[in-house]
Amino acid sequence: MVRASWLILLAILLFEVVASAQTSAPGAASVPPNQTAAPHPFDIRAAVDAYLAKMPPARRAASDAYFEGGYWLQLWDFLCTVFVMWLLLRFHWSARMRNLAERLTHFHPLQTVLYWIQFFVVASVLTFPLGIYEGYFREHKYGLLNQTFGPWLRDQVVALIVGLVLGAILMVPLFGVVRKLGKNWWVWGSVLMIVFAAFVSLIAPVYIAPLFNKYRKLEDARVRDPILSMARANGIPATDVYEFDASRQSNRVSANVSGFANTLRISLNDNLLNRCTLPEIETTMGHEMGHYVLNHEYKGIVMFGVVIVIGFAFLNWGINSSLARSGEKWEVRGITDVAVLPLAVIVFSLFFLLMTPVMNTISRTMEYEADMYGLNAAQQPDGEANVDMLLGEYRKLDPGPVEEFIFYDHPSGRTRITAAMRWKAEHPESANPDEVARPLSYTK
Ligand SMILES: [Zn+2]
């Protein structure tokens, strides 16, 4: 009897174990159905290659040519600037502009403004042919510009006026510092430059951006509400979302979260609204919110500040050693003379050309951080990959590592999509078959 009861008990226990194993088999559904169906684990590299293959080969070749041409343009821009500045020095145009400013007034700050206006207009006119090629004809050749010449020129004139005003705001105190502090001008000069950069990024979204595009409140609740919900979840105090008409200029998709306190605004461009699905818009906004939450604006100013201090030390050395050799020949009296400006531009341009990989790496690192943030905030890795493919219209998708290090101010398409697919591999529930299947419409 005892034996029999043991056997019955054992049988009941076994039955219960088997039964519970059977009922809990579907209950192990923390792994979603599509994952249990897949015989192999998610292949990140294959998923990345499948996204990259969405771009037709001809479009890919054009994008590569456009972006690689940009490497050379940085060099041509530098050489063109040096040539124009050399003309201003060699033929004493800079000295004459200063003489005219001194004849018109004895007040130093006003002399600086009068010199600056002449200098900036002449330099802009002389570099304009390269500017037309670069900003107008070349953009049209690659199908990246929507403007006819008239509206394009109007934007250039507005940019010129903005440059005139902002430049004067910088030049007057900068030359004041040079005159007051003599040898050590570059320390306080760089502090002034950093404050100026912070000032420009403070006013730009509210006072400068609207000069080029119209901003209005986004009324479409299907897009606005998920964005505002994401903003609240990420501690961003915004009550409205703005859209702006970037399609005036191009088909590029873009958005931003900019400004401080009362000027804080979330903006997205009409190309993003018209060309992208909601998951794609959400992942883009997640990225932009990442910039905001991670304080990239402030960190950027700090890192830019370090580069600027080094740059001003280099500028001080470059100007003094050049003036010792050729100052008299150019009729430039010294570092306190505004006519020194073309020389300063040459030295500063050389410095920033050499600093290209440093500046790009500062930017690219923060962009990568914002990508990670956006993936976690929006949880749309497939939408992210599709947006990265759209950005591949004008940014080479698959560069070598050295190329990416030197020339990329954002991560390349391959880097970004690899990050998205890596995230997706760890979050299989986020897979979005519609996004995976979606063919991308390229503009040309
Ligand atoms: Zn960004």
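Residues numbered from 1 in each chain as written. Predicted model: local features only at pLDDT ≥ 70, side-chain atom pairs only at ≥ 80, totals over all residues. Heavy atoms only, no water.

## A look at the packing of helix α5 (residues 93-104) against helix α6 (residues 108-141)
Here is step 1: For the pair α5 and α6, interaxial distance at closest approach is 8 Å and the crossing angle is 145°. The two elements α5 and α6 cross, and the hand of that crossing is right-handed. On α6, the residues that touch Trp-93, Ser-94, Met-97, Arg-98, Leu-100, Ala-101, Glu-102 and Leu-104 of α5 are Gln-111, Leu-114, Tyr-115, Gln-118, Phe-119, Val-122 and Leu-126.
Here is step 2: Among the residues making up the contact of α5 with α6, the classes are represented as 10 nonpolar, 3 polar and 2 charged. (Axes fitted to C-alpha atoms, helices over the stretch in contact; angles between N-to-C directions. Helix = DSSP H or I, 4+ residues; strand = E, 2+ residues; numbered from the N terminus. Left-handed = near helix turned anticlockwise from the far one by under 90°. Contact = heavy atoms within 4.5 Å. Nonpolar A, V, L, I, M, F, W, Y, C, P; charged D, E, K, R; others polar.)

## Re the environment of Phe-407
Here is step 1: Assignment of secondary structure puts Phe-407 in helix α16 (residues 401-407).
Here is step 2: In this structure Phe-407 comes out as partly exposed when scored by relative accessible area, which is 24%.
Here is step 3: Counting along the chain gives 77 residues from Phe-407 to Trp-330, while the straight-line C-alpha distance between them is 35 Å.
Here is step 4: Residue contacts for Phe-407: discarding those within four places in its chain leaves Phe-67, Tyr-71, Gln-74 and Asn-360. (Buried < 20%, exposed > 50% of the residue type's maximum accessible area, 1.4 Å probe, protein only.)

## Brief notes about the environment of Leu-164
Here is step 1: Among the structural elements, Leu-164 can be located in helix α7 (residues 149-181).
Here is step 2: Taking the C-alpha atoms as reference points, Leu-164 and Gln-118, separated by 46 residues in sequence, lie 9.8 Å from one another.
Here is step 3: What Leu-164 contacts, discounting residues up to four positions off in sequence, is Trp-116, Ile-117 and Phe-120.

## Let's talk about the packing of α6 against helix α13 (residues 341-354)
Here is step 1: Interhelical geometry of α6 versus α13 gives an angle of 55° and a closest axis separation of 11 Å. Comparing their axes, α13 and α6 come out oblique. Each of Tyr-115, Trp-116 and Phe-119 in α6 lies in contact with α13, whose residues at this interface are Leu-341, Pro-342 and Val-345.
Here is step 2: Residues that form the contact of α6 with α13 fall into these classes: 6 nonpolar, no polar and no charged. (Parallel < 35°, antiparallel > 145°, perpendicular 65-115°, else oblique.)

## A few points about the coordination of the zinc ion
Here is step 1: Looking at the zinc ion, the protein donor atoms are His-287 (NE2), His-291 (NE2) and Glu-367 (OE), and they sit 2.0 to 2.1 Å from it.
Here is step 2: Sequence spacing among the residues donating to the zinc ion works out to H-x3-H-x75-E. Note that His-291 is positioned in helix α11 (residues 278-293) and Glu-367 in helix α14 (residues 356-378), a separation of 76 residues in sequence. (Donors = N, O, S within 2.8 Å, 3.2 Å for Na, K, Ca; no water.)

## Observations regarding the side chain of Glu-139
Here is step 1: One can find Glu-139 in helix α6.
Here is step 2: By relative accessible area, which is 11% here, Glu-139 ends up buried.

## Topic: the pairing of strand β4 (residues 265-269)
Here is step 1: Counting buried positions along β4 yields 5 of 5 residues, so the element is predominantly enclosed.
Here is step 2: With burial as the criterion, each face of β4 is covered, one bearing Arg-265, Ser-267 and Asn-269 and the other bearing Ile-266 and Leu-268.

## Examining the sheet that holds strand β1 (residues 215-217)
Here is step 1: Overall, mixed pairing links the 4 strands, which are arranged β1-β2-β4-β3 in an open sheet. Every other strand in the sheet has two partners, leaving β1 and β3 (255-258) as the edge strands with one partner each. Here the average twist between neighbouring strands, direction ignored, is 30°.
Here is step 2: Pairing analysis gives 4 bridges linking strand β2 (residues 241-244) to β4, with the strands arranged parallel. Across the sheet, Tyr-242 pairs through a bridge with Ser-267, a residue of β4.
Here is step 3: In the packing of α11 onto the sheet, contacts are made with β3 and β4, and the angle to β3 comes to roughly 30°. (Pairing = 2+ DSSP bridges.)

## Looking at the nonpolar core
Here is step 1: In this structure, Trp-116, Phe-119, Ile-319, Leu-341 and Leu-343 are the most contacted members of the largest nonpolar core, which totals 47 residues.
Here is step 2: Elements represented by at least two residues in this core include exactly α4 (57-90), α5, α6, α7, α8 (185-208), α12 (296-330) and α13.
Here is step 3: Not counting chain neighbours up to four residues away, the residues in contact with Leu-343 comprise Leu-89, Ile-319, Ser-322, Leu-323 and Trp-330. (Core = buried A, V, L, I, M, F, W, Y, C linked by side-chain atoms within 4.5 Å.)

## Focus: unusual backbone geometry
Here is step 1: Even without a glycine there, the phi angle at Glu-331 is positive, about 60°.
Here is step 2: Relative to the helices and strands, Glu-331 resides in the loop between α12 and α13.
Here is step 3: We note that Gln-379 has phi near 55°; this positive angle belongs to a residue other than glycine.

Shape is all these values report; function is a separate question.
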